[in-house]
Amino acid sequence: MSAKSFIPIPPPAPIPEAGRVSAAELLEKYLEGSIDLICVMGPTASGKTRYAVNLAREINRLLKSGKDAAGAEIISADSRQIYMGMDIGTGKDLCEYGEIPVHLVDIVPAGERYNICRYQRDFSRVYKDCRERGAIPILCGGSGLYIEAVTKPEYKLDDNNAVELVFPRKTFYLATTVDRETRRARIDKRLDERFAEGMVEEVRGLINRGVDPEVLIRYGLEYKFITLHVLGQLDFPTMHRLLQTAIHQFAKRQMTWLRGMEKDGVEIHWVKP
């Protein structure tokens, strides 16, 4: 019997080297028309929301010198933060935004059917409004399909809606990056904090208010595993361990998607949060 050939496990892909992109540079590009959207991406727990908010604040500080614009505003590209009542599990952290307007958060009840076509329409409405008011839109999120659906011209709205959709054509992509050890530690710490904040109680409350548990399970990650716990199918330690592993795997898939964008020719500017 011949011995099976040994297939070594490839080493992890190297973490992208972070550079620096100044708010002044982005503002100049936007005002001169060479870009029409700033997009901040990154894996979960990489600090993309905080980066986007700080970027918006710095742009607004620069605009006070007399530039003719309404200021920077954030458009969420998170596929679960659209739902009302799903706050802790989705990490909305609305207090982080402060004075910076944020759009497409809490726009439909938990359990309501929502899809990419609806997101395209909602994004188009908000994006068009920002442009008409002279505001500078910053798209921020980790839902790759939502980001691609509104920043890649080849995406088409596949329904019978007759409303003309307005999408950006010159997106400037930024992505926050941290080393794997830091990201894993942040994920673990954040998960424990969210349990302490009442994440299990949040899910139990959604079920008690009539949200179908099967729908919550389809939302994935926190809502999947905590729903199974609330239903008595997983004890807490098992649920915690499975959820922790799933979030780490999700962050890895997000990084794979970002590197895939680069392979497809998209220029991504990697930054430290």
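Residues numbered from 1 in each chain as written. Predicted model: local features only at pLDDT ≥ 70, side-chain atom pairs only at ≥ 80, totals over all residues. Heavy atoms only, no water.

A word on the sheet that holds strand β8 (residues 268-271)
Read across the open sheet, the six strands follow the order β4-β2-β6-β1-β7-β8; overall the sheet is parallel. Of all the strands in the sheet, just β4 (102-103) and β8 have a single pairing partner and so form its edges. For strand β2 (residues 71-76) and β4, the ladder comprises two bridges, and the chain directions are parallel. Counted as the bridge partner of isoleucine 74 is valine 102 from β4. Against the sheet, helix α2 (residues 48-63) contacts β1 (37-41), β2, β6 (135-140), β7 (171-176) and β8, and its axis sits at roughly 170° relative to β6. (Pairing = 2+ DSSP bridges. Helix = DSSP H or I, 4+ residues; strand = E, 2+ residues; numbered from the N terminus. Contact = heavy atoms within 4.5 Å. Axes fitted to C-alpha atoms, helices over the stretch in contact; angles between N-to-C directions.)

Let's talk about the environment of methionine 239
Relative to the assigned elements, methionine 239 resides in helix α9 (residues 236-263). Its relative accessible area of 0% is what places methionine 239 among the buried residues. When the C-alpha atoms of methionine 239 and threonine 227 are compared, they prove to be 9.6 Å apart, with 12 residues separating the residues in sequence. Residues in contact with methionine 239, not counting those within four places in the same chain, are Phe195, Val200, Phe225, Ile226, His229 and Leu234. (Buried < 20%, exposed > 50% of the residue type's maximum accessible area, 1.4 Å probe, protein only.)

Comments concerning the pairing of β1
One face of the sheet, then the other: side chains in a regular strand alternate in exactly this way. Within β1, five of the five residues are buried, which leaves the element mostly enclosed by the surrounding structure. Burial of β1 is two-sided: the residues Leu37, Cys39 and Met41 facing one way and the residues Ile38 and Val40 facing the other way are all buried. Pairing of β1 with β7 involves five bridges; the strand directions are parallel. Within the sheet, the bridge partner assigned to cysteine 39 lies in β7 and is tyrosine 173. Sheet topology note: the β1/β6 ladder contains three bridges and is parallel. Counterpart to valine 40 in the pairing with β6 is cysteine 140.

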